[in-house]
Amino acid sequence: PIILGLESSCDDTAAAVLRGREILSSVVMGQTELHAAFGGVVPEIAARAHAEKLDLAVEEALSQAGVTLREVDAVAVTAGPGLIGGVLSGVMLAKGLAAGLGKPLIGVNHLAGHALTPRLTDGLAYPYLMLLVSGGHCQFLTVRGPQDFTRLGGTIDDAPGEAFDKTARLLGLPQPGGPSVEAEAKSGDERRFRFPRPLLDREGCDLSFSGLKTALLRMRDALVAEQGGLHAQDRADLCAGFQAAVRDVLAEKTRRALALYLDEAPAEPAFAIAGGVAANGAIRAALETLCAERGVRFTAPPLRLCTDNAAMIAYAGGELFAAGETADMTLAARPRWPLDRNAAPLIGSGK
Ligand code: ATP
Ligand code: FE
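Residues numbered from 1 in each chain as written. Chains lettered and ligands numbered in written order. Predicted model: local features only at pLDDT ≥ 70, side-chain atom pairs only at ≥ 80, totals over all residues.

The protein chain carries the name tRNA N6-adenosine threonylcarbamoyltransferase in an unreviewed UniProt entry, which gives Salipiger profundus as its organism. Entered under Catalytic activity (unreviewed entry) in the UniProt record, the comment concerning the protein chain runs "L-threonylcarbamoyladenylate + adenosine(37) in tRNA = N(6)-L-threonylcarbamoyladenosine(37) in tRNA + AMP + H(+)". UniProt lists a comment for the protein chain under the heading Sequence similarities (unreviewed entry), and it reads "Belongs to the KAE1 / TsaD family." (UniProt positions renumbered as here; feature names shortened; annotations may be inferred.)

Caption draft 1: Inspection of the site of ligand 1 at higher detail. The immediate surroundings of ligand 1 are formed by 21 residues, with Gly 135, Gly 136, Gly 161, Gly 178 and Gly 276 found nearest. If you list the elements that add at least two residues to the shell around ligand 1, you get α5 (160–170) and α6 (177–185). Its residues assigned to classes, the shell around ligand 1 comprises 6 nonpolar, 11 polar and 4 charged. (Near = placed C-beta within 6 Å. Helix = DSSP H or I, 4+ residues; strand = E, 2+ residues; numbered from the N terminus. Nonpolar A, V, L, I, M, F, W, Y, C, P; charged D, E, K, R; others polar.)

Caption draft 2: Region of interest: the pairing of strand β4 (residues 74–80). Within β4, 7 of the 7 residues are buried, which leaves it mostly tucked inside the rest of the structure. Relative to β4, strand β1 (residues 2–7) runs parallel, the two sharing 4 bridges. Bridged to Leu 6 within β4 is Val 77. Where β4 and strand β5 (residues 105–109) come together, 5 bridges link them in parallel fashion. (Buried ≥ 20, exposed ≤ 12 C-beta atoms within 10 Å, placed from the backbone. Pairing = 2+ DSSP bridges.)

Caption draft 3: Quick look at helix α8 (residues 232–263). With 32 residues, α8 should reach 46 Å at 1.5 Å per residue; the first-to-last C-alpha distance of 47 Å fits that figure. In the segment just after α8, Ala 265 is the residue with positive phi, at about 50 degrees. (Expected span 1.5 Å × (residues − 1).)

Caption draft 4: Representation of the UniProt feature "binding site: Fe cation" (unreviewed entry) in the protein chain within the structure. With numbering matched to this structure, UniProt assigns "binding site: Fe cation" (unreviewed entry) to His 110, His 114 and Asp 308. Separation in sequence by 199 residues is not matched in space for these annotated residues, since their most distant C-alpha atoms are only 8.8 Å apart. Checked against the element boundaries, His 110 lands in helix α4 (residues 110–122). Note on placement: Asp 308 falls in the loop between α10 (303–306) and α11 (311–322). Residue classification places Asp 308 among the buried residues on the basis of 26 C-beta atoms within 10 Å. Beyond its immediate chain neighbours, meaning those up to four positions away, Asp 308 contacts Glu 7, Cys 10, Asp 12 and Ala 14. (Contact = placed C-beta atoms within 7 Å.)

Caption draft 5: Summary view of the packing of α8 against helix α9 (residues 281–294). Look at α8 against α9: their axes get within 9 Å of each other, and the N-to-C directions meet at 30 degrees. Looking at the two axes, α8 sits roughly parallel to α9. Here α8 runs over α9; the crossing is right-handed. Every residue of α9 that contacts α8 at Gln 243, Val 246, Arg 247, Leu 250, Ala 251, Thr 254, Arg 255, Leu 258 and Leu 262 is listed here: Ala 282, Ile 283, Ala 286, Leu 287, Leu 290 and Arg 294. (Axes fitted to C-alpha atoms, helices over the stretch in contact; angles between N-to-C directions. Parallel < 35°, antiparallel > 145°, perpendicular 65-115°, else oblique. Left-handed = near helix turned anticlockwise from the far one by under 90°.)

Caption draft 6: The nonpolar core, seen in detail. If you look at the biggest cluster of nonpolar residues, it comprises 109 residues, and the most contacted ones within it are Ala 15, Ala 16, Val 75, Ala 115, Met 130, Ala 311 and Ala 314. Among the elements that make up this core, the one with the highest residue count is α8 (13 residues). Apart from the residues within four sequence positions on either side, Ala 115 is in contact with Met 130, Leu 132, Leu 141, Val 143, Phe 149, Ala 274 and Leu 339. (Core = buried A, V, L, I, M, F, W, Y, C linked by C-beta atoms within 7 Å.)

Take a look at the structure:
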């Protein structure tokens, strides 16, 4: 079947057309310039931009795919979690399209989109272990089906992407922080500054990243007090030290999650990393080594499918469609929507 997917839960307006696992088109219209002056995504600005650009993204995706609206078999849309204004724009447009065409509507969890991406890109069999690591999330999931996720652990405070973004802000580097911190780190010495490795002394797969930004702030201020400012090499060394700490924490917790996953003796053991931070070369390399040591297949989607896109929404929608999981016109936009139905709510689990 041909699935049209829509994504508008954060600061990318996206539409894609998929036929099975074949991506016929994937259009992503970013809003980075719109938010640049504010040092973060401004919900009102994002909502207005989505409302203005969604139609355009859909038209563009259809024309690039060479598919007419009539040929679309179902419309899949991110119904949460995310910034409510954007999610609402997407859901309303999807409802209009589905109703107008008389075709099924499918509500997709944005996180399920990220979590199912390795099936789209590499055809992984269930169950596989997934590390979803993005701007707003960080969790280990055993993925058993399009709606069957078990959460093994996750961050108790910041998400790593957020920590990369804050690091960039503290050092005066451009947003989004991940790519700029990674670029700086390439010429840095990761051992010059001693960043903590939070939560490694605690059992299980939970993670913590807020201590890294506190450490960074302290180191930066000490350098500024001492030298009156930061040298280029200081910046590079701070980025390298920070990135190494994130890498080490993720690697150690992944080692533990793999042990839990392998306990179940999966037939085709596989690990996948997805979400924007999966674009990080140093983190990818560390986890790849870990998997190789344990005989687990390692996969990481290409970068353009790691960051927000609608191909992953169309793909997840396709799996739900195949399972008969369609929505009706009461489909709601949800600002919060945990993947694991048994998961304790994240709020209040920290401090
Ligand atoms: P969520 O999907 O949880 O709602 P999001 O949509 O903000 O959050 P993504 O678009 O998946 O997340 O990822 C964006 C995040 O990934 C940003 O925080 C960005 O800094 C980070 N990121 C992108 N590239 C890299 C990189 N090379 N290294 C580290 N982090 C990166
Ligand atoms: Fe995302």
